[in-house]
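# Chain and residue survey
Take a look at the letters that make up each chain.
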Amino acid sequence: MTQRRDYLAANAGRRAPMPGFVLLVRDRRDDDPAMRIGITVSKKVGNAVIRNRMKRRFRELARAILPTDGVAGADHVLIGRASGIERDFSALKADLARALGKVKR
């Protein structure tokens, strides 16, 4: 996702807070089964190096988990939290799977 209005629309969707991130999922209702991903990490989290590292980790998480567990036809937004920096990648992976399970219910 690249446009601000898509991120604002996703804010009205389902929310699943986790220790390292917050997951927002919003069904687009446009009959397109493609899943879109948006990643945002604010300056409150850290400097540019840390924010970019978190974004790379989130992109890899999305590649690993979303094709199998994601919601078809929905926008998925990952919002980074400061505690996600030190969090182990396998823990983040488990958190994302658990968050997607919460959102699907």
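Residues numbered from 1 in each chain as written. Predicted model: local features only at pLDDT ≥ 70, side-chain atom pairs only at ≥ 80, totals over all residues. Heavy atoms only, no water.

A tally of regular secondary structure across the protein chain gives 3 helices and 4 strands. Against the 2.2 N^0.38 benchmark of 13 Å for 105 residues, the protein chain shows a C-alpha radius of gyration of 13 Å, consistent with a compact globule. Summarising its shape, the C-alpha atoms of the protein chain cover approximately 40 × 25 × 20 Å along the three principal directions. When each of the 105 residues of the protein chain is scored for burial, the buried share is 38%. Looking at the protein chain as shown, the accessible area adds up to about 6,100 Å², and 50% of this sits on carbon and sulfur atoms. Counting 24 positive and 11 negative side-chain charges, the protein chain places the centres of these two groups 7 Å from one another. (Helix = DSSP H or I, 4+ residues; strand = E, 2+ residues; numbered from the N terminus. Rg over C-alpha atoms; globule rule 2.2 N^0.38 Å. Buried < 20%, exposed > 50% of the residue type's maximum accessible area, 1.4 Å probe, protein only. Areas by Shrake-Rupley, 256 points an atom, 1.4 Å probe, with all protein chains shown as cover. Lys, Arg positive; Asp, Glu negative; His and termini not counted. Charge placed at Lys NZ, Arg CZ, Asp CG, Glu CD.)

An ideal rise of 1.5 Å per residue puts 22 Å on 16 residues; helix α3 (residues 89-104) measures up with 23 Å between its terminal C-alpha atoms. Taken residue by residue, α3 has Leu-92, Asp-95, Leu-96, Ala-99, Leu-100 and Val-103 as its buried positions. Axial view of α3: buried residues confined to an arc of 135 degrees, hence all on one face. Those residues of α3 hidden inside the fold are in contact with β1 (14-17), β2 (21-27), α2 (48-69) and β4 (74-80). (Expected span 1.5 Å × (residues − 1). Arc of directions from axis to C-beta. Contact = heavy atoms within 4.5 Å.)

Function cannot be inferred from these measures alone, as they are strictly geometric.
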